[in-house]
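Now for the letters of each chain:
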Amino acid sequence: RRTQMHRSAIMFGFGFSKEKSRASAERYLQQNKLPNAIAEYEKILQVEPNDLAILNTVGDIYARLGQNEKAIERFRTIGESYAADGFLPKSIAMYRKIVKLDPNGLPAMEKLAELYRKQGLVSDARSMLLQAAEAYTRKGQSKETLRLLKQLVLFDPENVQVITRTADLMTQSGQKKEAAEMLSQT
C-alpha cells in the first residue's frame, strides 16, 4: 500500500521538478542526444499533458529524428487545441507543419483548408482544397475528389475551371442532372 501511494505521488508530480526535467532536456538537446531529450520532455508531459510548448518541442525533435508519425501526432494535438480556443493562426501553423511532414496527409490538408477559410484566407483555402482534390484523384478516389470540388464551387462560384471539372466528375459518376444544373447556373 505504501508503495502504491509512493507511485501515485510520483505520477501526480510530488517529488517531480519540471524545471529539472526541462534543464536536463535542454542539455541533451545541446549535446544532440535527441532520444534522451524526448525522454525528459515526456516526463513533463506525463504531469502536464497540455503543455503546448513542450508538445511542440517534442514534435520538432521527432521530426528531426525522421519519426514523422509521432511528430504529426503532437502537432495535431496542438493544432486542435489552438483551433478549439479560437487561435486560428497558431492552429494553421501547426497544420502547415503536418502537411509539410506528410504532403499526402489528406485529413490534415482538408483541416488546413477549413482553417484558412475560417481565417478569411480564401486563396490559400482554395489552393489547399485543389491540392487535396488532386491527391484524391491520383489515388483514384473520385467520390472524395468530387466532395472537395463541390466545396470549392460553394466558396468560389465564379471559378469556371473548377465548376467545369466538378461537372465532368459528376457526369462520370452518374450525376448528370446535378452537373447540368451546376453548369446552367454558371
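Higher on the page you've got the structure.
None of these values were measured; they are calculated from a predicted model.

## Things to note about the overall build of the protein
If you tally the helices and strands in the protein, you get eleven helices and zero strands. Its C-alpha atoms give the protein principal-axis dimensions of roughly 75 × 35 × 30 Å. Counting only residues that meet the buried cut, the protein has 35% of its 186 residues in that class. The long-range share in the protein, meaning contacts at least 24 apart out of those at least 6 apart in sequence, stands at 37%. Accessible area for the protein stands at about 11,400 Å²; split by element, carbon and sulfur atoms hold 50% of it. Counting 29 positive and 22 negative side-chain charges, the protein places the averaged centre of each group 7 Å from the other.

## Things to note about the pattern of salt bridges
Using the criterion set out here, one finds eleven salt bridges in the structure. The residue Arg147 makes a salt bridge to Glu144 at a minimum N-O spacing of 2.6 Å. Note that Arg147 and Glu144 are positioned in helix α9 (residues 142-155) at a spacing of three residues, about one turn of the helix. Judged by its relative accessible area of 31%, Arg147 is partly exposed. Overlapping salt bridges bring together Lys18, Glu48 and Asp51 as one network.

## Focus: the nonpolar core
Formed by 50 residues in total, the largest nonpolar core has its most connected members in Tyr41, Ile78 and Leu112. When residues no more than four places from it in sequence are discounted, the contact partners of Leu112 are Ile92, Tyr95, Arg96, Val99 and Met128.

## Some remarks on helix α6 (residues 88-101)
Along its 14 residues, α6 runs 20 Å from first to last C-alpha, staying within 8% of the 20 Å computed at 1.5 Å per residue. Buried residues of α6: Leu88, Ser91, Ile92, Met94, Tyr95, Ile98 and Val99, and no others. For α6, the buried positions fall inside an angular range of 165° around the axis, keeping them on one side. When the buried face of α6 is taken as reference, the exposed residues oriented beyond 90 degrees from it are Arg96 and Lys100. Where α6 is buried, its residues contact α4 (52-64), α5 (68-84) and α7 (106-118).

## A short note on the packing of aromatic side chains
Enumeration according to the criterion identifies one aromatic pair in this entry. Taking the ring centre of Phe87 as reference, the NZ or CZ of Lys90 above it sits at 5.8 Å.

## Quick word on unusual backbone geometry
A positive phi angle, near 60°, is found at Asn32, a position not held by glycine. On the secondary structure map, Asn32 appears in the loop between α2 (18-30) and α3 (34-47).

## Let's talk about the packing of α9 against helix α10 (residues 160-172)
As a packed pair, α9 and α10 sit with axes 9 Å apart at the nearest point and diverge in direction by 145°. The handedness of the crossing between α9 and α10 is left-handed. Across the interface between the two elements, Ser142, Thr145, Leu146, Leu149, Lys150, Leu152 and Val153 of α9 pack against Val162, Ile163, Arg165, Thr166, Leu169 and Met170 of α10. In terms of residue class, the contact of α9 with α10 is made up of eight nonpolar, three polar and two charged.

Rules behind the numbers
Residues numbered from 1 in each chain as written. Predicted model: local features only at pLDDT ≥ 70, side-chain atom pairs only at ≥ 80, totals over all residues. Heavy atoms only, no water. Helix = DSSP H or I, 4+ residues; strand = E, 2+ residues; numbered from the N terminus. Buried < 20%, exposed > 50% of the residue type's maximum accessible area, 1.4 Å probe, protein only. Contact = heavy atoms within 4.5 Å. Areas by Shrake-Rupley, 256 points an atom, 1.4 Å probe, with all protein chains shown as cover. Lys, Arg positive; Asp, Glu negative; His and termini not counted. Charge placed at Lys NZ, Arg CZ, Asp CG, Glu CD. Salt bridge = Lys/Arg side-chain N within 4 Å of Asp/Glu carboxyl O. Core = buried A, V, L, I, M, F, W, Y, C linked by side-chain atoms within 4.5 Å. Expected span 1.5 Å × (residues − 1). Arc of directions from axis to C-beta. Phe/Tyr/Trp six-rings, centres within 6.5 Å; stacked < 30°, edge-to-face > 60°. Lys NZ or Arg CZ within 6 Å of the ring centre and 35° of its normal. Axes fitted to C-alpha atoms, helices over the stretch in contact; angles between N-to-C directions. Left-handed = near helix turned anticlockwise from the far one by under 90°. Nonpolar A, V, L, I, M, F, W, Y, C, P; charged D, E, K, R; others polar.

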